[in-house]
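Okay, here's what each chain looks like letter by letter:
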Amino acid sequence: MTTMTDTSPREFKMPDVGEGLTEAEILKWYVQPGDTVTDGQIVCEVETAKAAVELPIPYDGVVRALHFPEGTTVDVGTSIIAVDVAGGAAPAAEEAAPAQPAAEPEPVAKPEPAAQPVAAPAAKKPEGRKPVLVGYGVAESSTKRRPRKGVPAAAAPAEDTLYGASALQGAQSELNGHGQHGITVARPLAKPPVRKLAKDLGVDLATITPSGPDGIITREDVHAAVAPPAAPEPVTQAPTAPAAPAATAASVPAPAPVASYDGARETRVPIKGVRKATAAAMVGSAFTAPHVTEFVTVDVTRTMKLVEELKQDKELAGLRVNPLLLIAKALLVAIRRNPEINASWDEAAQEIVVKHYVNLGIAAATPRGLIVPNIKDAHAKTLPQLAESLGELVSTAKDGRTSPAAMQGGTVTITNVGVFGIDTGTPILNPGESAILAVGSIKLQPWVHKGKVKPRQVTTLALSFDHRLVDGELGSKVLADVAAILEQPKRLITWA
């Protein structure tokens with residue numbers, strides 16, 4: 001039986017990329033209310049902690065509302081856009097499915113769904129497959145959770161309300177494919193940004209009287225709650241005017257620094273996106289893996305000559321040929337000679353996982369911060385293939401289009417600090433990896449060559465490694481091999 005009208009609203013939620021991300025910032029909207037959208041059309045661009053990604057809408061319809069403006073950080077699972085979907089019959093057929101789960105408190109009575117056809121749409125509005133940042137994600141879980149006894153199925157709150165208790169309390173359960181059964185305690189209704197504001201100001205949402213539609217707490221309600229109270233204490237304390245602001249000051253820590261903030265002399269930048277993820281990763285790595293860094297200074301004059309010769313090679317025409325290409329190839333050869341360096345530490349299983357493949361990470365500075373995309377199976381690539389992959393990696397990173405998948409699964413990394421004129425550094429390991437090679441600037445320096453002091457092109461390499469699984473001997477061998485290859489690049493042939 002069809003119970004829907006000609007159009008029905010569909011809420012498109014901030015998708016989960018599947019990499020443990022919990023939020024994303026809306027960078028740009030490509031549609032506005034009233035626009036017609038089609039299945040697969042890009043509606044907005046968001047920035048996660050890993051990359052900027054464009055989101056496609058998974059159905060046809062007309063945009064009813066955009067729930068957040070550009071620049072807003074939204075939690076995964078929160079509705080960001082409402083679309084009126086044409087053709088009510090199909091959604092009605094979708095909503096008929098929850099009728100049977102609604103009758104599950106009495107599993108032995110199979111005819112029970114016929115007694116609750118009207119309550120079915122309010123019980124749960126299935127959304128089919130959950131959209132992710134690429135494609136439409138996995139199918140909804142078929143697992144059904146039996147409701148607690150004594151709680152009527154009709155008592156389950158409707159999920160059509162955008163910011164209702166059901167949408168907020170059940171965000172995680174919806175993503176897992178389960179309904180909202182057994183909820184007995186109501187939670188104050190407020191949008192995620194309002195909840196964050198209340199948390200920052202130390203305000204308990206349960207103590208606020210909402211003024212928004214459908215009982216939703218607004219920003220104004222939160223700000224009003226932190227204003228000086230209208231004499232909640234006994235009347236005898238009312239004349240004490242200074243006491244009210246003093247008592248309020250304890251519950252309003254946020255305005256204090258704002259009052260003393262000098263905008264002309266300081267700039268405060270919110271910690272979010274790539275910067276936030278980088279900070280968490282670096283702190284986690286620095287205080288989890290015991291780092292050891294070794295250094296070597298090497299004459300790379302022959303390597304620089306080879307770079308110039310390769311630029312004239314027809315096989316490499318149109319490809320990016322630079323010292324980094326040969327340094328990457330040298331590291332791959334060194335790993336082949338010392339495979340134990342290409343490993344990771346599994347704390348949970350108490351195992352060292354030796355990788356028989358090399359996903360070579362290249363640290364890249366972008367306008368959004370430091371990212372480390374990697375070249376998959378770099379060990380199996382020829383020099384022209386490696387040059388092509390490096391060129392694509394760098395250009396994609398500069399354009400801010402590096403996908404989250406490109407930054408997953410790295411095994412070892414190269415960071416080229418020499419492009420900034422730096423001699424070397426002590427790089428921090430990318431989480432989950434055991435080694436990272438830092439390459440310093442290549443400079444013309446006096447060097448003893450064949451018994452005479454001559455001007456030679458020299459650089460300093462630094463290798464940081466996880467001392468839990470890489471001993472000093474192994475780390476030293478890898479760094480020495482890289483240096484030897486760069487000093488005599490013909491070893492790329494003899495050792496490979």
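Because the structure is a prediction, the values reported are computed rather than measured. (Residues numbered from 1 in each chain as written. Predicted model: local features only at pLDDT ≥ 70, side-chain atom pairs only at ≥ 80, totals over all residues. Heavy atoms only, no water.)

> Tell me what's going on with the overall build of the chain, and back it up with residues and numbers.
Check the secondary structure of the chain and you find 15 helices and 21 strands. Restricting to contacts in the chain with at least 6 residues of sequence separation, those with at least 24 account for 63%. Carbon and sulfur atoms make up 56% of the accessible area of the chain, which totals about 26400 Å². (Helix = DSSP H or I, 4+ residues; strand = E, 2+ residues; numbered from the N terminus. Contact = heavy atoms within 4.5 Å. Areas by Shrake-Rupley, 256 points an atom, 1.4 Å probe, with all protein chains shown as cover.)

> How would you summarise the sheet that holds strand β3 (residues 36-37) if you had to cite specific residues and measurements?
The strand order across the open sheet formed by four strands is β1-β8-β6-β3, and the pairing between neighbours is antiparallel. Pairing within the sheet leaves two strands with one partner each, and these edge strands are β1 (7-13) and β3. Bridge count for strand β6 (residues 61-66) against strand β8 (residues 79-86) is four bridges, and the pairing is antiparallel. The partner of alanine 65 across the bridge, within β8, is alanine 82. (Pairing = 2+ DSSP bridges.)

> Residue-level account of the environment of lysine 276, with values.
As for its placement among the helices and strands, lysine 276 is situated in helix α10 (residues 273-286). Classification of lysine 276 as partly exposed rests on a relative accessible area of 40%. When the C-alpha atoms of lysine 276 and glycine 369 are compared, they prove to be 9.5 Å apart, with 93 residues separating the residues in sequence. Excluding residues within four positions of it along the chain, lysine 276 makes contact with Glu23 and Ile271. (Buried < 20%, exposed > 50% of the residue type's maximum accessible area, 1.4 Å probe, protein only.)

> Requested: an account of a nonpolar patch on the surface, with residues and values cited.
Residues Val419, Phe420 and Ile422 make up a contiguous nonpolar surface patch of about 320 Å² in total accessible area. Position of phenylalanine 420 relative to the elements: it lies in the loop between β18 (412-416) and β19 (435-439). (Patch = residues over 30% accessible without salt bridge, like charges linked within 9 Å, V, L, I, M, F, W, Y side chains within 5 Å. Salt bridge = Lys/Arg side-chain N within 4 Å of Asp/Glu carboxyl O.)

> Please set out unusual backbone geometry residue by residue, giving values where relevant.
Positioned with a positive phi, aspartate 377 is a non-glycine residue whose angle comes to about 50°. You can see aspartate 377 is positioned in the loop between β17 (374-375) and α13 (383-398). A positive phi angle is found at lysine 450, which is not glycine, with a value near 55°. Assignment of secondary structure puts lysine 450 in the loop between β20 (443-449) and β21 (452-466).

> Describe the environment of valine 43, with residues and values.
For valine 43, the location among the structural elements is in strand β4 (residues 42-47). Once the C-alpha coordinates of valine 43 and tyrosine 30 are considered, the two residues, 13 residues apart in sequence, prove to be 5.0 Å apart. Leaving out residues up to four positions away in the same chain, valine 43 has contacts with Lys28, Trp29, Tyr30, Val31, Val37, Leu55 and Ile57.

> Any details on a positive patch on the surface? Residues and values, ideally.
On the surface, Lys305, Lys450, Lys452 and Lys454 cluster together into a positively charged patch. Considering the arrangement of structural elements, one finds lysine 452 in strand β21. (Lys, Arg positive; Asp, Glu negative; His and termini not counted. Charge placed at Lys NZ, Arg CZ, Asp CG, Glu CD.)

> So what about the nonpolar core? Which residues, and what values?
Counting residues in hydrophobic clusters, the biggest one holds 48 residues, and the most contacted among them are Leu331, Leu360, Ile414, Leu437, Leu461 and Val482. Breaking this core down by element, the ones donating at least two residues are α11 (301-310), α12 (323-337), β14 (360-362), α13, β18, β19, β21 and α14 (472-487). Excluding anything up to four places from it in sequence, leucine 461 contacts Glu294, Phe295, Val296, Val298, Thr424, Leu437, Ala438, Val439, Leu479, Val482, Ala483 and Leu486. Counting 21 residues, the second largest nonpolar core, distinct from the first, contains Ala24, Val37, Val63 and Ile80. (Core = buried A, V, L, I, M, F, W, Y, C linked by side-chain atoms within 4.5 Å.)

> Provide a residue-level description of the side chain of histidine 67, including the pertinent values.
Turning to its location among the elements, histidine 67 is positioned in the loop between β6 and β7 (73-75). Only 2.8 Å separates the side chain of histidine 67 from the side chain of glutamate 11, close enough to count as a polar contact. (Polar contact = N/O pair within 3.5 Å; in protein donor to acceptor, adjacent residues only side chain to side chain.)

> Tell me about the pairing of β21, and please be specific about residues and values.
In this structure, strand β11 (residues 291-299) lies alongside β21, joined through nine bridges in antiparallel fashion. When the bridges of β21 are listed, valine 298 appears paired with threonine 459. As judged from the five bridges shared by β19 and β21, these two strands associate in the antiparallel manner. Each residue of the ladder has a partner; that of alanine 438, found in β21, is alanine 462. Here β20 folds back onto β21, and the loop between the two strands holds two residues, one of which, lysine 450, carries a positive phi near 55°.

> Now, about α13: what can you tell me, with residues and values included?
Between the first and last C-alpha of α13 there are 23 Å, a value that for 16 residues agrees with the 22 Å anticipated at 1.5 Å per step. Residues of α13 that are buried: Leu386, Ala387, Ser389, Leu390, Gly391, Leu393, Val394 and Ala397. The secondary structure elements touched by the buried residues of α13 are α12, β14, β15 (364-366), β16 (369-371) and β17. (Expected span 1.5 Å × (residues − 1).)

> Let's hear about the packing of helix α6 (residues 192-201) against helix α7 (residues 219-226): which residues, and what values?
The geometry of a pair of packed helices is captured by two quantities: the angle between their axes and the separation between those axes. Contact geometry of α6 with α7 gives a least axis separation of 9 Å together with a crossing angle of 10°. In this view, α6 runs roughly parallel relative to α7, as classed from their interaxial angle. Residues Pro193, Val194, Leu197, Ala198 and Leu201 of α6 form the contact with α7, whose own contacting residues are Arg219, Val222, His223 and Val226. (Axes fitted to C-alpha atoms, helices over the stretch in contact; angles between N-to-C directions. Parallel < 35°, antiparallel > 145°, perpendicular 65-115°, else oblique.)

> Explain α11 residue by residue, including any values.
Regarding α11, the residues found buried are Thr301, Thr303, Met304, Val307 and Leu310. At its buried positions, α11 is contacted by β11, α12, α13, β21 and α14.

> Break down the sheet that holds β4 for me, with residues and values.
With respect to topology, four strands assemble into an open sheet ordered β5-β4-β2-β7, the strand pairing being antiparallel. At either end of the open sheet lies a strand with only one pairing partner, and these are β5 (52-56) and β7. Averaged over all pairs of adjacent strands, the angle between their axes in this sheet comes to 40°, without regard to strand direction. As paired elements, β4 and β5 share five bridges and run antiparallel to each other. By the bridge assignment for β5, valine 46 is matched with valine 53.

> An account of the pattern of salt bridges is requested, with residue identities and associated values reported.
According to the stated counting rule, one finds eight salt bridges in the structure shown. Its salt-bridge partner being arginine 337, residue aspartate 481 comes within 3.0 Å of it at the nearest N-O pair. Of this pair, aspartate 481 sits in helix α14 while arginine 337 is found in helix α12, placing the two residues 144 residues apart along the sequence. Of the charged contacts, one joins glutamate 473 and lysine 477 as a salt bridge, the two residues approaching to 3.4 Å between their closest N and O atoms. Here glutamate 473 pairs with lysine 477, and both are found in helix α14, just four residues apart, close to one helical turn. Exposure remark for glutamate 473: the relative accessible area of 57% places this residue in the exposed category.

The quantities given are spatial measurements derived from coordinates; they are silent on function.
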